[in-house]
Amino acid sequence: MIDSTQPPGLERVPRASLVQLRSFEAVVRLGGVGRAARALHLAQPTVSTQIKELAIALELVLLEPQGRKLVPTAIGERLALAVRSMGAVWQGFEEDVAALQGLRRGRLRIAAVTTTEYFLPDLLGPFARQYPGIDIELAVENRDAVVARLERGDDELAAMMLPPTHLPLARWPFLDNPLVIIAPVGHALTKRRRLKLSELTGEPLLVREAGSGTRAAAEQAFAAQSINWPPRMALGSNEAIKHAVRAGLGLAVLSRHTLSHNPADDGLAVLPVTGFPLRRQWHLVWRQDRALSLPARTLLDDLRARLQVKARPRA
Ligand code: PGA
């Protein structure tokens, strides 16, 4: 039984063979049986017979003589169009096959700033499981190192907060990146309901190493508010900063993504500072002057589809 909710199959064209339809379309397009036969590498009488049998099978007059030529009737033109639509659909199918084969084996190089290590592997998980033949190389470095990789064109995609402006980059902001100020649990400032940034500057400030985007974003925010809060200590990773803050060595600005769902589980508290969290975003960027590979495009499509429904991180 034919399911009327589905697009039709080929049940309706049982009397015409694909070979006949192909020959007929070629005759119409190329303007003659002889030319069609040459293009299809068939003998001319073979094509003539196919066309005659097709007209009999469909009970239609498809071609009519005009002087010494055979030209399509109106219904013959309509049939040629229908055959071309079938050809276009088939071509789409072949493209799908090629695309699937292109995703069977391959490599995808991604650069990511260190702070994204808290969530990026989770985001890549579904893509990695769906395309096990694509080797993903994820280089995790600080912002300056990622910018250098982009300049050299080492990677197809890069995940970062502050894309550089001196390169021809396409960018897609894919996730919020709230930057918060943290203190150890129990610190006197954690008892306050609201704090001004200027009230913190007497406390030691711990920052990431030079070249970190988190550090650059914090410095920009301080400068925008004319706050002079020189760092007491620079540490080379988010985890080192969290340990140092917990140990009471100072306060720090970090991405909310680096903290547990409940920061107190790590012995840390987010201070209620006016103007914070700084509302920044994570971007995926790629060079516009280079074509993206199929795996890279597929990953972008996959993330776009999934992140539309993904909840934002808490500030
Ligand atoms: P980073 O990351 O502090 O690890 O460099 C932030 C960024 O540059 O986007």
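Rules used throughout
Residues numbered from 1 in each chain as written. Predicted model: local features only at pLDDT ≥ 70, side-chain atom pairs only at ≥ 80, totals over all residues. Heavy atoms only, no water. Phe/Tyr/Trp six-rings, centres within 6.5 Å; stacked < 30°, edge-to-face > 60°. Buried < 20%, exposed > 50% of the residue type's maximum accessible area, 1.4 Å probe, protein only. Lys NZ or Arg CZ within 6 Å of the ring centre and 35° of its normal. Salt bridge = Lys/Arg side-chain N within 4 Å of Asp/Glu carboxyl O. Helix = DSSP H or I, 4+ residues; strand = E, 2+ residues; numbered from the N terminus. Contact = heavy atoms within 4.5 Å. pLDDT = per-residue confidence, 0-100. Arc of directions from axis to C-beta.

**Quick notes on the packing of aromatic side chains**
Step number 1: Scanning the model with the defined rule gives six aromatic pairs in all.
Step number 2: Pairing tryptophan 172 with phenylalanine 174 gives two aromatic rings, centres 5.9 Å apart and planes at 40°, and the pair type is tilted.
Step number 3: Taking the relative accessible area as the measure of exposure, tryptophan 172 reaches 15% and is therefore buried.
Step number 4: A residue is classified by how much of its surface remains accessible, and phenylalanine 174, at 3% relative accessible area, is buried.
Step number 5: Summarising the aromatic geometry, the rings of phenylalanine 222 and tryptophan 229 are spaced 5.4 Å apart at their centres and angled 45° between planes, so their arrangement reads as tilted.
Step number 6: On the basis of relative accessible area, tryptophan 229 is assigned to the buried category, the value being 5%.
Step number 7: Ring pairing ties together the aromatic residues Phe119, Trp172, Phe174 and Trp282, which thus form one cluster.
Step number 8: Looking at arginine 304, its charged tip hangs above the ring of tryptophan 172, at a distance of 5.1 Å from the centre.

**Focus on the pattern of salt bridges**
Step number 1: Scanning the entire structure with this criterion turns up 15 salt bridges.
Step number 2: With its nearest N and O atoms 2.6 Å apart, the salt bridge here joins glutamate 25 to arginine 84. Separated by 59 residues along the polypeptide, glutamate 25 in helix H1 (residues 18–30) and arginine 84 in helix H4 (residues 74–102) bring together distant segments of the chain.
Step number 3: By relative accessible area, which is 33% here, arginine 84 ends up partly exposed.
Step number 4: Put simply, arginine 149 and aspartate 155 hold a salt bridge, and the shortest N to O gap is 2.8 Å.
Step number 5: With a relative accessible area of 16%, arginine 149 lands in the buried category.
Step number 6: On the basis of relative accessible area, aspartate 155 is assigned to the buried category, the value being 11%.
Step number 7: Here the salt bridges do not stand alone but share partners, grouping Glu25, Arg29 and Arg84 into one network.

**Structural notes on the environment of glutamate 64**
Step number 1: As for its placement among the helices and strands, glutamate 64 is situated in strand S1 (residues 63–66).
Step number 2: Spatially, the C-alpha atoms of glutamate 64 and glycine 76 are 9.3 Å apart, while their sequence positions differ by twelve residues.
Step number 3: Ignoring sequence-local partners within four residues, the contact set of glutamate 64 consists of Lys69, Leu70, Val71 and Thr73.

**Details of the confidence of the model for the protein chain**
Step number 1: Averaged over all residues, the pLDDT of the protein chain equals 91, while 96% of them reach at least 70.
Step number 2: When mean pLDDT is taken per element in the protein chain, strand S9 (residues 251–255) scores highest with 98 and H4 scores lowest with 88.
Step number 3: Within the model, the stretch residues 311–315 combines pLDDT values under 50 with 15 contacts to residues more than four positions away or in other chains.

**Details of helix H2 (residues 33–40)**
Working note: α-helix, 3.6 residues per turn, so residues spaced by three or four point in the same direction.
Step number 1: For H2, the set of buried residues is Val33, Gly34, Ala36, Ala37 and Leu40. Down the axis, H2 shows its buried residues gathered within 165° of arc, on one side only. Opposite its buried face, H2 presents the exposed residues Arg35 and Arg38, each directed more than 90 degrees away.
Step number 2: Where H2 terminates, the next one or two residues include histidine 41, which has phi positive at roughly 60°.

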